[in-house]
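Commentary on secondary and tertiary structure
Below, each chain spelled out in residue letters.
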Amino acid sequence: MKITVVGASGLIGTRLSERLRRSGHEVTDASLSFGVDTVTGKGLDAAIAGTDAVVDVTNAASFGDSAALDFFRASTKNLLAAASEAGVGHYLALSVVGTPRLVESDYFRAKMVQENLIRASDRPYTILRSTQFYEFINGLIDIGAQGDVFRLPPALMRPVAAAEVAAFLAELTLATPLGRIVEIGGPEQFGIDDVARIYLAANEDERPVITDPSTSYFGVELTDDALLPDAAARVAAQTLADWLYQSMAD
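Reading guide: rules and limits
Residues numbered from 1 in each chain as written. Predicted model: local features only at pLDDT ≥ 70, side-chain atom pairs only at ≥ 80, totals over all residues. Heavy atoms only, no water. Helix = DSSP H or I, 4+ residues; strand = E, 2+ residues; numbered from the N terminus. Buried < 20%, exposed > 50% of the residue type's maximum accessible area, 1.4 Å probe, protein only. Contact = heavy atoms within 4.5 Å. Core = buried A, V, L, I, M, F, W, Y, C linked by side-chain atoms within 4.5 Å. Pairing = 2+ DSSP bridges. Axes fitted to C-alpha atoms, helices over the stretch in contact; angles between N-to-C directions. Salt bridge = Lys/Arg side-chain N within 4 Å of Asp/Glu carboxyl O.

Another aspect to go through is the environment of leucine 44. Following the sequence through the fold, leucine 44 ends up in helix H2 (residues 44–48). We classify leucine 44 as buried; its relative accessible area is 3%. Sequence separation between leucine 44 and asparagine 78 is 34 residues, and the spatial gap between their C-alpha atoms is 8.2 Å. Excluding anything up to four places from it in sequence, leucine 44 contacts Val36, Thr38, Asn78, Leu79 and Ala82.

So, in structure tokens, the structure goes:
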């Protein structure tokens, strides 16, 4: 099978490309570092020509303003047009659990636009929404940094290892297009504040975490379940403790 991974140099893209190649598939890596610009369209037609499936794991460089909307709208329109022109049989994209509940945020509004463009297109598609990656916990904690303390909300989440998201995405890529959204989350449920405490303790960081429900998450105040996947979501296997142990051993 010939597959184009768009955003191939990122956290998920590198893992996805490697996994697909190990399975014997022909993979074209597409990203700015490989000479492909999805916003301008540069190199896009060549990267997608003759491919059976396109997997979009790109992300915006900015999370907090209209730049995210500009990126996802332009990038997704160009990708869908190129995929349609090439007769691509399966278009997949990675999105975020909770997107419809968080559209007051510029970033999640942009992700909603991306999802809607895909669903309205003429391409057979699958959209995978994932919960927050373990690998991004440090950045998540930083949203609540205030001097020598962290103020973070108790809203619940089920973080997941990027490797397991990439594995599920590879599985979906090789399957028949679902024509719908599916979700994946980690095996454990924590408050964001508790995730921070566990992560900081594992890194021998003694700065305290103060529970503060008013702390915003990328510009939106969270309800308790806004970040939780639905009941039918794929449940990943790796626990936070196992991931922390592995990441420190690497």
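From this point on, the discussion continues.
On to the nonpolar core. If you look at the biggest cluster of nonpolar residues, it comprises 34 residues, and the most contacted ones within it are Ile141, Ile192 and Leu222. Those elements giving two or more residues to this core turn out to be helix H3 (66–86), helix H4 (106–120), helix H5 (137–142), strand S7 (149–152), helix H7 (192–202) and helix H8 (240–249). Here this core gets 5 residues from one element, more than from any other, and that element is H7. Listed in part, the 25 residues of the second largest apolar core include Val5, Ile12, Ala53 and Val165.

Moving on, we get to the sheet that holds strand S6 (residues 145–146). The 3 strands lie next to each other as S6-S7-S11, forming an open sheet whose pairing is mixed. Looking at strand neighbours, the two that pair on one side only are S6 and strand S11 (209–211), the edges of this open sheet. Relative to S11, S7 runs parallel, the two sharing 3 bridges. Within S11, the residue paired with leucine 152 across the bridge is threonine 211. Sitting on the sheet, H7 is in contact with S7 and S11, with an inclination near 170° to S11.

Moving on to the pattern of salt bridges. All chains considered together, the criterion is met by 12 salt bridges. Salt-bridge contacts for aspartate 194 lead to arginine 197; the nearest nitrogen and oxygen are separated by 2.8 Å. Of this pair, aspartate 194 and arginine 197 both sit in helix H7, 3 residues apart, roughly one helical turn. Across the pair arginine 207 and aspartate 205 runs a salt bridge whose closest N-O atoms are separated by 2.6 Å. Residues participating in the shared-partner salt-bridge network are Glu115, Arg129 and Glu183.

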